[in-house]
2 protein chains.
Amino acid sequence: MPIKEADLERVRQLPFLKTANDDTFRRLIQGAFLQRFPAGTTLLTEGDSVDFLYILLDGTVELSGTWNDKETILALLGPLSTFILAAVVLDTSALMSATTRDRSDILMISGETLRRVMQEDAAFGFGVSQELAGCYRGLVRSMKSQKLRGGIERLANYLITQRIRQGDVETITLPHEKRVLASLLGMTPENLSRAFASLADYGVVVNGPLVTIGRPVVLKRLAKPDALIDNHTPEEMRGGGKARLEAWPNQPERMTV
Amino acid sequence: MPIKEADLERVRQLPFLKTANDDTFRRLIQGAFLQRFPAGTTLLTEGDSVDFLYILLDGTVELSGTWNDKETILALLGPLSTFILAAVVLDTSALMSATTRDRSDILMISGETLRRVMQEDAAFGFGVSQELAGCYRGLVRSMKSQKLRGGIERLANYLITQRIRQGDVETITLPHEKRVLASLLGMTPENLSRAFASLADYGVVVNGPLVTIGRPVVLKRLAKPDALIDNHTPEEMRGGGKARLEAWPNQPERMTV
DNA sequence: GGCCAGCCCTGACATAGATCAAGGATGGAA
DNA sequence: TTCCATCCTTGATCTATGTCAGGGCTGGCC
């Protein structure tokens, strides 16, 4: 699949690629290729060695981990996310599996090239560091949510975050199947159902993928959202113009819960 | 507290500082200072803005997070660890609190200087990226452990990891109070007690801070350790000489559970 | 030595969450 | 249209974990 000029321009806008100079960018793109995958494709299984940095241009990708026949979803990525950057930087094997959830267009950049240019373009290396730092902080947030909150509270905060990200609407649309959301939130589908049911007392009405938050204030009193856990608006949106709001990057650290 | 030549040499051996050229290192050290803190000192509270990169030369530091009057320990650091690197790179506020657990000697490096030299010394920038990538992967491991395993299994794997790190001895010494370990493992002290009690069936005998693993094979059958979750030997030790074994760095990603 | 605080263990109980089983809704394929 | 698979929900039950209370042990301190 040929890389269109428009794709390049979109990718170029990624924060960590904006720091790269033109030569660096050219070299990165040189050996890169764009591929379209159907839904349900396993791009990478945990333990695999990693040769490419992946950049999701369109679609949805799920990052998951397994142990002892159990599986959990660690993050759900939307367009303009990078993934497995950490494994690429360390030239080691992946700790998570990556699977497409919708049909997805993915740009693959040679890991070896990435490592090489990082060591020649300091500004770009700094950009990569910032990207990794953002991913790290996203995981810290997830970990705090996981260890400090109960299931209902995690769900309540997820809903509040979605409400803000979808533009302060009364009725939000769940972007994923409920069983997927359950795994992301660290509970069983049955329990997620019951959690939704308990939120009825707080003005939450569920209708398939549509969730109406009737009394946000009441829900917030339960959820107790916290700026040091919940990333209501991705960092690069803050202080930015409205243009960015249209299709902001859903990077790993910003989609995890 | 003056920075001794020996301290500098130790710090210089940190993987991410080994990549720095001499001039970069000099500039980093220039405005740095070394400070000794008693046990129980709060170095940083979550939400604080961060002006320095901290490097723990001696002692123990705990990284924790709170929500709704609950607290959880996210990592326990030993000598030659860096911490809050991610916040420094992004020049933003800390998501975790940092507290000394023992008397600790800590080297503090100007965050502004760090960010500046990263953008001038590409090799150093790459080293920082590697450090951050390692931290990220450590958290991924923790998250998988937290979401996929039950409390007893987390404890069993913790013990197996400690046994290997302490040199395959039969009796290991718990490096922290049990209530601290409980919080790190994501359970209450009462539950940790009971978890230890259940492990008696698997040959585990507890005597204060001493834990004897009588039948490692049996314990392993329960624990099912996994290279993609448990970091039995820190990455930089692998393939390295014995010299490194003496006092390996206990970096954030390697001490979390 | 005696006292006290902190840590740890244990038991009884409460709650959260997982599991099992069944049935309803939905939407695509034959 | 009918059939079937998938997803979701709900109820019953079981298990894991948290909470509360009590008591033992230890080590510092008067």
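Keep in mind that what you see is a predicted model, and the values were worked out from it rather than measured.

Some details on the interface of chain B and chain A
On the chain A side, the residues contacting the 57 residues of chain B number 57 residues. Together chain B and chain A conceal approximately 5100 Å² of surface at their shared face, both sides included; 73% is due to carbon and sulfur atoms. When the buried surface of chain B facing chain A is broken down by residue, Trp67(B), Leu95(B) and Tyr136(B) rank first, second and third, together holding 17% of it. Counting the contacts that link chain B with chain A gives two salt bridges. With a closest N to O distance of 2.7 Å, Glu46(A) and Lys144(B) form a salt bridge. On inspection of chain B and its partner chain A, the count reaches 17 residue pairs in polar contact (both at pLDDT 80 or more).

Description of the protein's contact with DNA strand C
Neighbouring residues of DNA strand C: 13 residues in total, closest Gly151(A), Asn191(A), Arg194(A), Lys178(B) and Ser193(B). The sugar-phosphate backbone supplies 60% of the atoms of DNA strand C found within 4 Å of the protein. Here a base oxygen of DNA strand C sits 2.6 Å away from a polar atom, N or O, in the side chain of Arg194(A). Here a phosphate oxygen of DNA strand C sits 2.6 Å away from a polar atom, N or O, in the side chain of Ser193(B). Its residues assigned to classes, the surface near DNA strand C shows one nonpolar, five polar and seven charged.

Thoughts on the sheet that holds strand 10 (residues 204–207) of chain A
Paired through their backbone hydrogen bonds, the strands of a sheet run either parallel or antiparallel. Residues and elements named next belong to chain A. Read from one edge to the other, the open sheet built from three strands follows the order 9-11-10, with strand pairing classed as antiparallel. Each having just a single partner strand, strand 9 (171–173) and strand 10 make up the two edges of the open sheet. Neighbouring strand axes in the sheet, compared pairwise and without regard to direction, differ in orientation by 20° on average. Here strand 10 pairs with strand 11 (residues 210–213) via four bridges, running antiparallel. For valine 206, the partnering residue across the bridge sits in strand 11 and is valine 211.

Comments concerning helix 10 (residues 216–223) of chain A
Within helix 10 of chain A, burial applies to Val218(A), Leu219(A), Leu222(A) and Ala223(A). One side of helix 10 of chain A carries all its buried residues, which in axial view fall inside an arc of 135°. Helix 10 of chain A presents Val217(A) and Arg221(A) as exposed residues on the side facing more than 90 degrees away from its buried surface. In this structure, the buried residues of helix 10 of chain A make contact with helix 7 (151–165), helix 9 (189–199), strand 10 and strand 11 of chain A together with strand 4 (61–67) of chain B. One or two steps after helix 10 of chain A, the chain reaches Lys224(A), where phi turns positive at roughly 45°.

What counts, and at which threshold
- Residues numbered from 1 in each chain as written.
- Chains lettered and ligands numbered in written order.
- Predicted model: local features only at pLDDT ≥ 70, side-chain atom pairs only at ≥ 80, totals over all residues.
- Heavy atoms only, no water.
- Contact = heavy atoms within 4.5 Å.
- Buried area = accessible area lost by both parts, 1.4 Å probe.
- Salt bridge = Lys/Arg side-chain N within 4 Å of Asp/Glu carboxyl O.
- Polar contact = N/O pair within 3.5 Å; in protein donor to acceptor, adjacent residues only side chain to side chain.
- Near = heavy atom within 4 Å.
- Nonpolar A, V, L, I, M, F, W, Y, C, P; charged D, E, K, R; others polar.
- Pairing = 2+ DSSP bridges.
- Helix = DSSP H or I, 4+ residues; strand = E, 2+ residues; numbered from the N terminus.
- Axes fitted to C-alpha atoms, helices over the stretch in contact; angles between N-to-C directions.
- Buried < 20%, exposed > 50% of the residue type's maximum accessible area, 1.4 Å probe, protein only.
- Arc of directions from axis to C-beta.

In short, geometric facts, not functional conclusions.
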